[in-house]
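These are the residues of each chain, in order.
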Amino acid sequence: MKVNNKLLPIKLHYFFFLASLGCTFPFLHVYGKQLGLSPLVIGSISAIVPLLYLITKPIFGFIMDYSRAWRKTICIIFIVMTNSCFVGIFFLPAMPGPVLTDHFENVSYPFLSLCDIEHDHTSAIESDNSVKDITCYWLCKDTNFSTRLFFRNATERKTIISLDTACLINVNDTSFHHENITANYNCNVTCDNFENNYCIWTSITFWSYMLLLFLGETGYFVVMIINDATCFAILSENKRLKYGEQRLWGTIAFGITGCIVGYMVNLSQREAYKTFTPVLYLILVLTGIDLVCCKSLKMSFESGSSTIIKDVFALLKLKSVVIFLFFAVFTGIINSFMHNFLFWYLEDFADATGYMSKIKLIEGLIVGVQNFGETVSFFLSGKIVKKIGYGHTFTLCFICYALRLGLISLVPTPWWILPIEFFMHGLSFSLCLATIVSYASVITPPGASATVQAIVQSMHDSFGVSIGALLGGIFYKKYGGTTTLRIFSVFAAFDALTYFILYIIYLRNKTYTRSNVKWKKPDDAQEYCMGAEG
């Protein structure tokens, strides 16, 4: 097998950059929950932060096109910033108050005392942030019920349900009474619904988490925009469809390091609360190698243009490009729901079908098959686009999303989700991403590659993702997981039909590409004018 030395640097850059992110990125929200941030807060951050990228992405894309001499330096700075911010999240202090595990086993319900609501509970809440007022769900033999608990501060950033840390609040509001359970009767307990979120807005942990997440993800997206623009410049117009064959190396690395880090953390610590300090050395090594690869990478985009903004605005006036951007938003909406709520639905589904004991195994296997599907789809993406064209490939992605969501809502057990993700994740997410990025390269005016990539990817990764997180949360809470999956499946099917009709009737003959227009460089235009005057 012959190695293409021209493409090897970009492959290595994709590999080591995404390998370093695989050590931290998949675990950021889980660690946020461990810090004491509620699911509602995490969901709100997931909806708000992407909106900020709508501004930052195009700005940095323009800077990359305008400042050609500083591209490599900017890229290196953002690589360091991205990994530093993500690593910094794992060193944040926990929220005020005891950090609770999700699940308590063999808890004796009558062992707890009743709170003195008039004095102990109310005064503590008003004077001290280091308490938590929580609803807990008790699963006892032949009996399920819920009640509120008041947790006091505890040592070692964690607590257990005991007389020293907790007492019962409003026990009479429950359908089950304190005296009905014998002292030897043990239950399994799940606690959530933190009610003292008022202290979040004054917490250094919350604001630090949000700031580091925003800066880290901004750095990630900027580096990926540079990577994609560089990749297409190296490939040139004739081999643009080979983008997926370069990008797949990042997917492979991300999956490998994600699995390694999960194993390392579990191997080093068996407690419910994990620290990621053992991973720091791995991140340092991977980032160091990536910086060497980046330094040797030739970031030769097309020659700069003095009319970048004018060219981009002219591009955005074209109806075919506007339609493309709208549907890029729609794909972002669907993908955002899958990213934020697939595992949430999976755990609810496993709980309802009796598979909770296997849930982490199933989730790990799903991550594995998703990465395998992404690798295959990135490799085949160029061949698929070449065979059926950008328009029909885009339609195919929506069809795959519709089938994927619909089938997941119909399966009888969580194990059936594995083959669905194996076959459909790559054909929906990866093929769609490769198509969007490749088409953005096709429509880019000379010298504006990073700017156009930033705008297109902002519509997908920022605007669409934010809407998807917000709508997904609202629908999931109101209708439940199964119905929400079917709603998004119908939405994807409608998008597929609409885009197909638009493509057949209008876009097929009106779609703008660089091959449709003869772009002239400023020097060529000047030479042409001088010749005409003579």
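An unreviewed UniProt entry annotates the protein as Major facilitator superfamily domain-containing protein 6-like of Pogonomyrmex barbatus. As recorded by UniProt, the Subcellular location (unreviewed entry) comment attached to the protein reads in full: "Membrane". Listed in UniProt under the heading Sequence similarities (unreviewed entry), the comment for the protein reads: "Belongs to the major facilitator superfamily. MFSD6 family."

Caption draft 1: Structural detail: the overall build of the protein. When helices and strands are counted, the protein shows 15 helices and five strands. For the protein, with 534 residues in total, the buried portion stands at 52%. The contacts of the protein with a sequence gap of at least 6 include a subset with a gap of at least 24, amounting to 82%. When the accessible surface of the protein is summed, it comes to about 25,500 Å², and 64% of that surface belongs to carbon and sulfur atoms.

Caption draft 2: View of the pattern of salt bridges. Applying the stated rule across the entire model yields three salt bridges. With a closest N to O distance of 3.5 Å, K383 and E245 form a salt bridge. Of this pair, K383 sits in helix α11 (residues 359–410) while E245 is found in helix α7 (residues 243–268), placing the two residues 138 residues apart along the sequence. Among the salt bridges present, the one from E421 reaches R404, with a minimum N-O distance of 2.8 Å. Taken together, the positions of E421 in helix α12 (residues 417–443) and R404 in helix α11 put the pair 17 residues apart, joining distant regions of the chain. What makes R404 buried here is its relative accessible area of 2%. Taken together, the salt bridges that share partners define one network made up of K242, E245 and K383.

Caption draft 3: Representation of the environment of D290 within the structure. Among the secondary structure elements, D290 is positioned in helix α8 (residues 280–296). For the pair D290 and L12, spaced 278 residues apart in the sequence, the C-alpha separation amounts to 7.6 Å. Not counting chain neighbours up to four residues away, the residues in contact with D290 comprise H13, F16, F17 and I79.

Caption draft 4: The packing of aromatic side chains, seen in detail. Scanning the model with the defined rule gives 23 aromatic pairs in all. Measuring from centroid to centroid gives 5.7 Å for F341 and Y476, while their planes differ by 20 degrees, and the two rings are stacked. Here F341 is found in helix α10 (residues 319–353), whereas its partner Y476 is found in helix α13 (residues 449–479), with 135 residues between them in sequence. The class for F341 is buried, based on a relative accessible area of 7%. Overall, Y476 belongs to the buried group, its relative accessible area being 9%. With a centroid separation of 5.5 Å and an interplanar angle of 55 degrees, the aromatic rings of F394 and F398 are classed as tilted. Of the two residues, F394 and F398 both sit in helix α11, four residues apart, roughly one turn of that helix. Taking relative accessible area as the criterion, F398 reaches 0% and is therefore assigned buried. A connected cluster of aromatic rings, assembled from ring pairs, spans F324, F327, F330, Y390, F394, F398, Y439, F491 and Y499.

Caption draft 5: Region of the structure containing the packing of helix α1 (residues 8–22) against helix α6 (residues 204–235). α6 packs onto α1 with a crossing angle of 165 degrees between their chain directions and a minimal axis gap of 11 Å. Considering the angle they form, α1 stands roughly antiparallel to α6. Viewed along their axes, α1 and α6 form a crossing whose handedness is left-handed. Side by side, α1 and α6 meet where I10, H13, Y14, F17, L18 and L21 of the first sit next to Y220, V223, M224, N227, D228, T230, C231 and I234 of the second.

Caption draft 6: Representation of the side chain of S489. As for its placement among the helices and strands, S489 is situated in helix α14 (residues 481–510). A distance of 3.5 Å separates a polar side-chain atom of S489 from the backbone nitrogen of G406. Here S489 is in contact with A402, L405 and G406, once residues within four sequence places are set aside.

Caption draft 7: Looking closely at the packing of helix α4 (residues 71–89) against α6. Contact geometry of α4 with α6 gives a least axis separation of 8 Å together with a crossing angle of 145 degrees. For the pair α4 and α6, the sense of crossing is left-handed. The segment α4 lies against α6, with C75, F78, I79, M81, T82, C85, F86, G88 and I89 engaging Y209, L212, L213, L215, G216, E217, G219, Y220, V222, V223 and I226. A class-by-class count of the residues in the contact of α4 with α6 yields 15 nonpolar, four polar and one charged.

Caption draft 8: Layout of the nonpolar core. Grouped together as the largest cluster of nonpolar side chains are 115 residues, with contacts concentrated most on F17, Y209, Y243, F337, F394 and I408. With 17 residues, α10 is the single largest residue contributor to this core. For this core, the two domains that each supply at least three residues are domain 1 (1–96 + 204–301) and domain 3 (304–533). Every residue in contact with Y243, bar those within four places of it in the chain, is listed here: Y14, D228, C231, F232, L235, A434, V437 and S438. With 15 residues, the next largest nonpolar core counts I134, C140, L149 and F151 among its residues.

Caption draft 9: View of the side chain of T82. In this structure, T82 sits in helix α4. Using a relative accessible area of 0% as the deciding quantity, one classes T82 as buried. A polar contact is formed between the side chain of T82 and the backbone oxygen of G219, at a distance of 3.5 Å. Polar contacts involving the side chain of T82 include one to the main-chain amide nitrogen of Y220, which spans 3.1 Å. When residues no more than four places from it in sequence are discounted, the contact partners of T82 are L21, G216, G219 and Y220.

Conventions and cut-offs
Residues numbered from 1 in each chain as written. Predicted model: local features only at pLDDT ≥ 70, side-chain atom pairs only at ≥ 80, totals over all residues. Heavy atoms only, no water. UniProt positions renumbered as here; feature names shortened; annotations may be inferred. Helix = DSSP H or I, 4+ residues; strand = E, 2+ residues; numbered from the N terminus. Buried < 20%, exposed > 50% of the residue type's maximum accessible area, 1.4 Å probe, protein only. Contact = heavy atoms within 4.5 Å. Areas by Shrake-Rupley, 256 points an atom, 1.4 Å probe, with all protein chains shown as cover. Salt bridge = Lys/Arg side-chain N within 4 Å of Asp/Glu carboxyl O. Phe/Tyr/Trp six-rings, centres within 6.5 Å; stacked < 30°, edge-to-face > 60°. Axes fitted to C-alpha atoms, helices over the stretch in contact; angles between N-to-C directions. Parallel < 35°, antiparallel > 145°, perpendicular 65-115°, else oblique. Left-handed = near helix turned anticlockwise from the far one by under 90°. Polar contact = N/O pair within 3.5 Å; in protein donor to acceptor, adjacent residues only side chain to side chain. Nonpolar A, V, L, I, M, F, W, Y, C, P; charged D, E, K, R; others polar. Core = buried A, V, L, I, M, F, W, Y, C linked by side-chain atoms within 4.5 Å. Domains from an automatic or database assignment.

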